[in-house]
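Structural overview
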Amino acid sequence: PRNDRGSPKKSPDLEMQRCSEAVPAAHSIMHALHAELLMAADGSHAFRMRYRKSLFTLLLVFVVACSLVGYVFSSFPESDHFDDIRFPRNIQDVKDIRGMLASYTTDHFVRVIVGFSILYVFMQAFAIPGSLMLSVLAGALFGMLVGFAVVCFCATSGATLCYLISYYIGRPVVHRFFHQKLLRISHKVQEQKDSLFSWMLFLRISPILPNWFINMTSPLLDIPLSTFFFATAFGGMPANFTAVKAGLTLSELQSMSDVIGPKMLAALTVLGLVALVPVALRKYMLRFVKNSKV
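Residues numbered from 1 in each chain as written. Predicted model: local features only at pLDDT ≥ 70, side-chain atom pairs only at ≥ 80, totals over all residues. Heavy atoms only, no water.

Regarding the nonpolar core
Inclusion rule: Working definition of a nonpolar core: buried Ala, Val, Leu, Ile, Met, Phe, Trp, Tyr and Cys residues. They are joined through side-chain atoms within 4.5 Å. Think of it in three bands: with a 1.4 Å probe and only protein chains considered, a residue is buried below 20% of the maximum accessible area for its type, exposed above 50%, and partly exposed in between. Numbered from the N terminus, helices here are DSSP runs of H or I no shorter than four residues, and strands are runs of E no shorter than two. Residue contacts follow a heavy-atom distance rule, with two residues in contact if any of their heavy atoms lie within 4.5 Å.
By size, the foremost hydrophobic cluster in this structure holds 42 residues, and its most contacted members are Phe116, Tyr120, Val136, Phe142, Leu250, Leu253 and Val259. Every element with two or more residues in this core is listed here: helix 3 (45-74), helix 4 (91-107), helix 5 (109-125), helix 6 (131-142), helix 7 (144-168) and helix 12 (237-248). In this view, Phe116 contacts Leu134, Ala138, Phe142 and Val150; residues no more than four positions away in its chain are not counted. Phe178, Phe213, Leu220 and Ile223 belong to the second-largest nonpolar core, a separate cluster that totals 17 residues.

Given below as structure tokens:
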């Protein structure tokens, strides 16, 4: 059948089918996410079973990872200072470790980089605080160029592992503890679906949300792994550069506020806003085209 203009008339059933196909797949994902989050909030029996299984698997993977990290460090050549080394909790601890490992790093440079990288990735993968201290230590031990490259690689790799662990193993655990925040954020994520990389870059550069939270919740919000990976790699560079550079002047630092203080946080926020400029330009162009057609 044809209409008055001679073009084929569209079947109502065909129109309904096309409309249904035009609905973004994100809506179904959102419904699935909301259903899971509601189960987490209600604490149903099925969800409790999934939560316990997920928690047990996470603990098992964590124990295995700890064993591997311990095995790697136990294979290192002996040193008189090993018994005195502890994980740095403040700048003074970083200075002490730098003093104890300076000559050891010179003699076993590759081994120290490997051990440092494994520890850094392990902490990022399991959302263990302290990576900023290690970034400063990297600058003090390895110098600017090598330290910056190592920190960027480890931070991105560890964050990606955290993403994968959350997606494949920890989903019920993340739902259990962050279901309300996920519900609020999921709407904003879907609103920015067309400019997701810019928004992820903004969140990575600016200190608005902690990195561990972004790592764990991104897969549950249907953020693609490729978008997450590249936004993490590029968005983490400014903070990584700042921390590694601070390690070059370690003797002048008195506290962590000398590394990441209010001025630096403000600068990172402004830099993060620059990542949103393409989003603003795109909205302006779409509005301009729409108005010009009218």
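Additional details are given in the paragraphs that follow.
Focus on the pattern of salt bridges
To keep it simple, the criterion reads: For this document, the term salt bridge refers to a Lys or Arg side-chain nitrogen within 4 Å of an Asp or Glu carboxyl oxygen.
Scanning all chains against the criterion turns up one salt bridge. Across the pair Asp93 and Arg89 runs a salt bridge, and its minimum N-O distance is 3.8 Å.

Some details on the environment of Cys66
In this structure, Cys66 sits in helix 3. For the pair Cys66 and Leu119, spaced 53 residues apart in the sequence, the C-alpha separation amounts to 9.5 Å.

Some points on helix 8 (residues 171-191)
Selection rule: Multiplying 1.5 Å by the helix residue count minus one yields the expected span of that helix. The angle between axes fitted to the seven residues ending at a residue and the seven residues starting there is what we call the bend at that residue.
The terminal C-alpha atoms of helix 8 lie 23 Å apart, and with 21 residues this falls more than 12% below the ideal 30 Å at 1.5 Å per residue. Of all the bends found along helix 8, the most pronounced is centred on Phe178 and spans about 90 degrees. Inspection of helix 8 places Arg171, Pro172, Val173, Val174, His175, Phe178, His179, Leu182, Ser186, Val189 and Gln190 among the buried residues, and these make up the whole buried set.

Notes on the packing of aromatic side chains
As a reminder of what qualifies: Each Phe, Tyr or Trp ring (for Trp, its six-membered ring) is paired with any other whose centre lies within 6.5 Å, and the angle between the two planes then decides the class: stacked below 30 degrees, edge-to-face above 60, tilted in between. Ring-over charges, as used throughout, are those where CZ of Arg or NZ of Lys falls within 6 Å of the ring centre and within 35 degrees of the ring normal.
Using the criterion set out here, one finds 16 aromatic pairs in the structure. A centroid spacing of 5.3 Å and a plane angle of 90 degrees characterise the contact between Phe229 and Phe230, whose relative ring orientation is edge-to-face. Grouped by ring-pair contacts, the aromatic residues Phe109, Phe116, Tyr120 and Phe142 constitute a single cluster. The lysine or arginine in question, Lys181, covers the ring of Phe213, its NZ or CZ lying 5.7 Å from the ring centre.

Section: the packing of helix 7 against helix 11 (residues 225-235)
The following threshold applies: The axes are straight lines fitted to the C-alpha atoms, using for helices just the contacting stretch, and the angles between their N-to-C directions are given from 0 to 180°. For classification purposes, an angle smaller than 35 degrees is called roughly parallel, one larger than 145 roughly antiparallel, one from 65 to 115 roughly perpendicular, and anything else oblique. Each crossing gets its hand from how the near helix is turned against the far one by less than a right angle, where anticlockwise is left-handed and clockwise is right-handed. Each residue receives one of three labels: charged for Asp, Glu, Lys and Arg, nonpolar for Ala, Val, Leu, Ile, Met, Phe, Trp, Tyr, Cys and Pro, and polar for the others, Gly being one of them.
Relative to each other, helix 7 and helix 11 sit at 150 degrees, their axes nearing to 9 Å. Judged by the inter-axis angle, helix 7 sits roughly antiparallel to helix 11. Relative to helix 11, the crossing made by helix 7 is right-handed. Contacts between helix 7 and helix 11 pair Ala155, Thr156, Ala159, Thr160, Tyr163 and Leu164 from the former with Leu225, Phe228, Phe229, Thr232 and Ala233 from the latter. Across the contact of helix 7 with helix 11, the residue classes break down as eight nonpolar, three polar and no charged.

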